[in-house]
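Secondary and tertiary structure notes
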Amino acid sequence: VYGRAMPERIDANYGNNSVSGEITIPLAVSDLSVSLSASSTSYRLGEPVTFTVEVRNTGPDVSVSQPVTLVLDGTGTSTAGCLAGLVTDGRQTWNCRVPSLETGASWTATFEHVSVVAGTRTSTAQLYLTLSEVFYTTDPDVADNHVSLETTAVLSRAPILASPLPDVTLLE
């Protein structure tokens, strides 16, 4: 803080017309956590699966808007207005903006996906603090700002029907 006196008449001693000091503004404390679930952790290749991400603020202060990035198995759509990103190795990236959350409030988004690669896959959700958020809020527990979920897409094979051999009579 810097200030200077503005006298209406001439001041012979300008040395005593200023003051300086520091003001400490405490950061807000918002304990945010992220969770990720799937409608099924085992499904057939090409079958739809719903992923749900939830970001919760346990306080004690209101959180500022936060970005969350998801990398989900398969490709699909979002109900939360999130921006679809690249599809790499059969997984799609989503970039979402979580609004400011009151203490005890949460934000939820769902994603309808169809797996395009068979096998066990790992989907993730990660909260990121941008530079502007770092100056306004602090999260006392960042360990719960990242979550992984394993799902398995299996190949669907039609059963092989065995037909009985016809009766055969050998002639001599």
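Worth saying up front: this structure is predicted, and the values here are computed from it rather than measured. (Residues numbered from 1 in each chain as written. Predicted model: local features only at pLDDT ≥ 70, side-chain atom pairs only at ≥ 80, totals over all residues. Heavy atoms only, no water.)

**Things to note about the overall build of the protein**
The line we're drawing: Helix numbers and strand numbers start at the N terminus; a helix is a DSSP run of H or I with at least 4 residues, a strand a run of E with at least 2. The buried label goes to any residue with under 20% of its type's maximum accessible area, the exposed label to any with over 50%, and the partly exposed label to all in between, with areas taken from a 1.4 Å probe on protein chains only. What makes two residues a contact is simply this: any of their non-hydrogen atoms within 4.5 Å. Under the convention used here, a 1.4 Å probe and the Shrake-Rupley method define accessible areas, while residue burial counts only the protein chains that appear.
From N to C terminus, the protein includes 1 helix and 13 strands. Residues classed as buried in the protein amount to 29% of the 172 residues present. Contacts in the protein between residues far apart in sequence, at least 24 positions, make up 73% of those at least 6 positions apart. Accessible surface, the protein: about 11,200 Å² in total, of which carbon and sulfur atoms supply 57%.

**A short note on the pairing of strand β9 (residues 91-98)**
Defined as follows: When DSSP finds at least two bridges between two strands, those strands are taken to pair.
The two faces of β9 differ: Q92, W94, C96 and V98 on one face are buried, but R91, T93, N95 and R97 on the other face are not. Relative to β9, strand β6 (residues 66-73) is paired through 8 bridges, and the arrangement is antiparallel. Paired with V68 across the two strands is C96, which belongs to β9. In this structure, strand β8 (residues 83-88) lies alongside β9, joined through 4 bridges in antiparallel fashion. Along β9, the bridge assignment pairs T88 with R91.

**With respect to the sheet that holds strand β13 (residues 146-154)**
To be explicit about the condition: Only the stretch in contact is used when a helix axis is fitted, and all axes are lines through C-alpha atoms; the angle between N-to-C directions ranges over 0 to 180 degrees.
Strand order in this open sheet of 6 strands is β4-β13-β11-β6-β9-β8, and the pairing throughout is mixed. Each end of this open sheet is capped by a strand with a single partner; those strands are β4 (42-44) and β8. On average, adjacent strands in this sheet sit at an angle of 25° to one another, irrespective of strand direction. Of the pairings in the sheet, the one linking strand β11 (residues 119-127) to β13 comprises 8 bridges and is antiparallel in character. Across the sheet, residue G119 finds its bridge partner in β13, namely A153.

**Digging into the packing of aromatic side chains**
Note the following rule: Stacked, edge-to-face and tilted are the three classes for Phe, Tyr and Trp ring pairs, Trp counted by its six-membered ring, which pair at centre distances within 6.5 Å; planes under 30 degrees apart are stacked, over 60 edge-to-face, the rest tilted.
Enumeration over the complete set of coordinates arrives at 1 aromatic pair. Judged by centre distance (5.3 Å) and plane angle (50°), the ring pair of W94 and F111 falls under tilted. Linking W94 in strand β9 with F111 in strand β10 (residues 106-114), this pair joins segments that are 17 residues apart in sequence. The class for W94 is buried, based on a relative accessible area of 4%. Judged by relative accessible area, which is 0%, F111 ranks as buried.

Any functional reading would require information that these geometric values do not contain.
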